[in-house]
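Analysis of the macromolecular model
Spelled out from the first residue to the last, the chains are:
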Amino acid sequence: MQILLKFVIDCDPDAAWRAVHSPRAVAELYGPMLDLEPLVPSGLPTAWSPGDDVPVQLSALGVVPMGRQLIHASERIVDEPGGRVRIFRDSGIPLTGPLASLDVWDHQMAISPAPGEPGKTLWRDRLVIGGPTAPALWPVLWGMWQWRAARIRSLAPTWAHDPETPEGKPGHEPVADHGATQSRPGAAPATDERNE
């Protein structure tokens, strides 16, 4: 089963790409509804990197335990007729809690320039879930994804800035193609426009 979203946000694709790599941006996105705490002594990375495996504890409103989740990050680039699409993927899995009954969790966010809207980003989001409880959990996750989309639209303008590089100059490092890091068979890019 899957949840698909497609909308335009008010920031450029480089800013959106930085945001999907930022644990801080993710915390802002879900807060205060959902809290995410690292379960490793080193804490959360400053930015997700391909190959990262980070276990986290989820809690609702910072107090109600919602289980543990493994975040596994990968990324790739796809050249489509409309231009370059950068895809960030979390193919980790819920470890404990209500979502642990799922045996498939594949979340992809596709970032590309918004056609005909300079300086804006086309955001495509796809969550694929599977397992015996997926039909029961799908409506809850669908509702959460609608709320998440509203938060992305609201926060996107705050992402539009050029951070300083270690050399003290604004910039953005290009991303390498990491399509080979996919760990689940049959996964496709988050580019489908349908919503089941």
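To be clear, the structure that these remarks concern was listed above.
Presented here is an overview of the structure given in this document. (Residues numbered from 1 in each chain as written. Predicted model: local features only at pLDDT ≥ 70, side-chain atom pairs only at ≥ 80, totals over all residues. Heavy atoms only, no water.)

1. Overview of the overall build of the protein
- Across its full length, the protein holds 3 helices and 8 strands.
- Beginning at the N terminus, the succession of helices and strands in the protein can be written as β-α-α-β-β-β-β-β-β-β-α.
- For the protein, the proportion of its 196 residues judged to be buried stands at 44%.
- Contacts in the protein between residues far apart in sequence, at least 24 positions, make up 62% of those at least 6 positions apart.
- Accessible surface, the protein: about 9,800 Å² in total, of which carbon and sulfur atoms supply 59%. (Helix = DSSP H or I, 4+ residues; strand = E, 2+ residues; numbered from the N terminus. Buried < 20%, exposed > 50% of the residue type's maximum accessible area, 1.4 Å probe, protein only. Contact = heavy atoms within 4.5 Å. Areas by Shrake-Rupley, 256 points an atom, 1.4 Å probe, with all protein chains shown as cover.)

2. Comments concerning the packing of aromatic side chains
- Counted according to the given criterion, the structure contains 4 aromatic pairs.
- Their ring planes at 15° and their centres at 6.4 Å tell us that Phe7 and Trp123 sit as a pair that is stacked. Pair noted here: Phe7 is in strand S1 (residues 2-9) and Trp123 is in strand S8 (residues 121-130), with a separation of 116 residues, a long-range link.
- Through successive ring pairs, a cluster of aromatic residues spans Phe7, Trp123 and Trp159.
- Here the guanidinium or amino end of Arg153 rests over the ring plane of Phe7, the centre of that ring lying 4.4 Å away. (Phe/Tyr/Trp six-rings, centres within 6.5 Å; stacked < 30°, edge-to-face > 60°. Lys NZ or Arg CZ within 6 Å of the ring centre and 35° of its normal.)

3. Considering the side chain of Ser59
- Position of Ser59 relative to the elements: it lies in strand S3 (residues 53-60).
- Overall, Ser59 belongs to the buried group, its relative accessible area being 11%.
- Sequence-distant contacts of Ser59, that is, excluding residues within four places in its chain, are made with Met33, Leu34, Asp35, Val64, Pro65 and Met66.

4. Here's the deal with the nonpolar core
- Among the nonpolar cores identified, the biggest contains 42 residues, and Ile9, Trp105, Trp123, Ile129, Leu141, Trp145 and Trp159 are the most heavily contacted of them.
- Where this core is concerned, the elements lending two or more residues are S1, helix H1 (13-20), helix H2 (23-30), S3, strand S4 (64-80), strand S7 (104-113), S8 and helix H3 (134-159).
- Among the elements that line this core, the one with the most residues is H3, at 11 residues.
- Beyond its immediate chain neighbours, meaning those up to four positions away, Ile129 contacts Met1, Leu102, Val104, Trp105, Ala134, Trp138 and Leu141. (Core = buried A, V, L, I, M, F, W, Y, C linked by side-chain atoms within 4.5 Å.)

5. Some remarks on the environment of Pro45
- For Pro45, the position within the fold is in the loop between strand S2 (34-38) and S3.
- Residue Pro45 is classed as partly exposed on the basis of its relative accessible area of 25%.
- Linking Pro45 and Arg24, residues 21 residues apart in sequence, is a C-alpha distance of 9.6 Å.
- Discounting residues that sit within four places of it in the chain, Pro45 has contacts with Pro23, Asp52 and Val54.

6. So, the pairing of S4
- Direction of pairing for S3 relative to S4: antiparallel, over a ladder of 8 bridges. Considered in S4, the bridge of Val54 is made with Ile71.
- Examined bridge by bridge, S4 and strand S6 (residues 93-94) share 2 bridges and lie antiparallel to one another. Looking at S6, one finds that Leu70 is bridged to Ile93.
- A loop of 2 residues connects S4 with strand S5 (residues 83-90), the two strands running antiparallel in sequence. (Pairing = 2+ DSSP bridges.)

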